[in-house]
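# Observations on chain architecture
Here's the letter readout for the chains.
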Amino acid sequence: MKICMIVPNPSVKGGIASVVAGYRGSSLEKKYQITYVESYRDGTRWQKLGKAISGYCAFLGQLCGNRPDIVHVHSSFGPSFYRKIPFIYLSVLFGIPVVNHVHGAEFEQFYEKAPDRKKKRVARVYGKCAKLIVLSEEWKKRIAAFVPEERIEVLENYCQIPEEPYDTGRRANQVLFMGELGKRKGCYDIPAIWEEVLRQVPSARLIMAGDGEMEAVKASFLEKGISSGVLFPGWVRHEKKEKLLRESSIFLLPTYHEGMPMAVLEAMGYGLGIVTTDVGGIPKLIRNEENGFIEKPGDISSMAKHVIKLLQEPELCASYGQKARELALRDYGADRHIERLSAIYDTVMREKPGSRKHKAVRKR
């Protein structure tokens with residue numbers, strides 16, 4: 001079976017690129033003939049436009065030459081949704097089923113608060129897809145409001161889980177944030193959280209790994225006079241990311257909107273004590289006071305209290321981290337994810353017009 005996968009450039013920062021990186025060189029490539037067509041890159045507006053145009057041209061070449069059986073589109077909300085429309089419509093024109101893997105987080109702004117005209121367009125585009133993959137049951141319920149439920153599949157994200165020992169060089173006082181620095185991830189709540197933490201644990205150390213609104217977030221710490229123990233290493237990958245995950249004891253993500261964040265899954269894989277919020281697919285991962293703490297977005301005092309608790313009780317922190325790691329090992333490894341994705345591909349092919357099963361169903 002030939003799969004054409006529409007993906008961002010591997011150097012792009014964010015969850016989609018992280019998910020796709022795990023497909024490269026995996027058992028998925030052994031089972032299917034996969035061609036990756038890049039449609040997005042980081043950079044200037046013109047660089048992004050050039051990448052999109054080259055992606056459309058490469059995709060047309062696939063349709064006219066090495067024609068795929070399935071087109072697997074990785075999309076999000078906002079500009080990503082609109083960039084993927086030509087891929088979806090061209091696939092339908094050529095009679096090729098589309099699997100649209102939706103990674104977005106801010107569905108409320110994208111659809112629920114949108115004008116009717118935009119809602120109709122979103123429903124029309126999603127309706128062209130043979131399957132929609134979403135990251136959690138919450139997202140399935142929301143999208144099922146305008147897409148037939150039988151077309152929606154929940155496929156949770158996964159993490160690459162390190163072998164033992166996974167915590168070499170761990171610092172009991174180090175708290176880690178990883179992600180885009182901005183409002184959606186709760187970064188402007190972190191200075192207030194950290195101010196309370198330092199009152200109880202003045203030796204605590206905070207790593208704010210990521211990019212985005214870095215200068216504005218830094219200024220929030222400066223205004224409170226608590227910037228001296230806060231490090232901003234920028235966006236981290238590979239060995240640098242692994243080093244931070246091994247060294248840190250606590251992972252803090254006070255996010256307001258999520259699908260199923262890769263950063264939480266990675267923190268689970270490395271056995272960190274986790275303090276986060278009950279949005280998107282996170283409640284499936286973190287069970288309050290079982291393998292971490294989960295709060296309402298914006299509840300600064302509760303998050304601060306639980307970061308302090310994990311800092312002051314390292315045995316509890318290690319226990320929660322171990323339980324989170326065990327859950328990741330059991331349910332969120334890459335192999336399990338790829339098995340589920342393979343099953344979705346196989347279902348799409350069985351239901352494809354012209355397939356034997358599809359003909360048999362029509363005869364009934």
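Right above here is the structure, for reference.
Attention in this report is confined to the structure presented alongside it. (Residues numbered from 1 in each chain as written. Predicted model: local features only at pLDDT ≥ 70, side-chain atom pairs only at ≥ 80, totals over all residues. Heavy atoms only, no water.)

A word on a positive patch on the surface. Residues R117, R121, R124 and K128 make up a contiguous surface patch of positive charge. For K128, a relative accessible area of 36% translates into the label partly exposed. (Patch = residues over 30% accessible without salt bridge, like charges linked within 9 Å, V, L, I, M, F, W, Y side chains within 5 Å. Areas by Shrake-Rupley, 256 points an atom, 1.4 Å probe, with all protein chains shown as cover. Salt bridge = Lys/Arg side-chain N within 4 Å of Asp/Glu carboxyl O. Lys, Arg positive; Asp, Glu negative; His and termini not counted. Charge placed at Lys NZ, Arg CZ, Asp CG, Glu CD. Buried < 20%, exposed > 50% of the residue type's maximum accessible area, 1.4 Å probe, protein only.)

So, about helix α10 (residues 238-247). If you check which residues of α10 are buried, you get K241, L244, L245, R246 and E247. In the core, the buried residues of α10 are packed alongside β7 (174-178), β8 (205-209), β9 (230-234) and α11 (262-269). (Helix = DSSP H or I, 4+ residues; strand = E, 2+ residues; numbered from the N terminus. Contact = heavy atoms within 4.5 Å.)

Scanning the model with the defined rule gives 19 salt bridges in all. Between R340 and E153 there is a salt bridge, with its nearest N and O atoms 4.0 Å apart. On the criterion of sequence distance, the pair formed by R340 in helix α15 (residues 334-351) and E153 in strand β6 (residues 152-154) is long-range, its members being 187 residues apart. Overall, the relative accessible area of 32% leaves R340 in the partly exposed class.

Locating Y32 in the fold gives a position in the loop between α2 (27-31) and β2 (33-40). Assessed through its relative accessible area of 4%, Y32 is described here as buried. It is 6.0 Å that separates the C-alpha atoms of Y32 and K2, two residues lying 30 residues apart in sequence.

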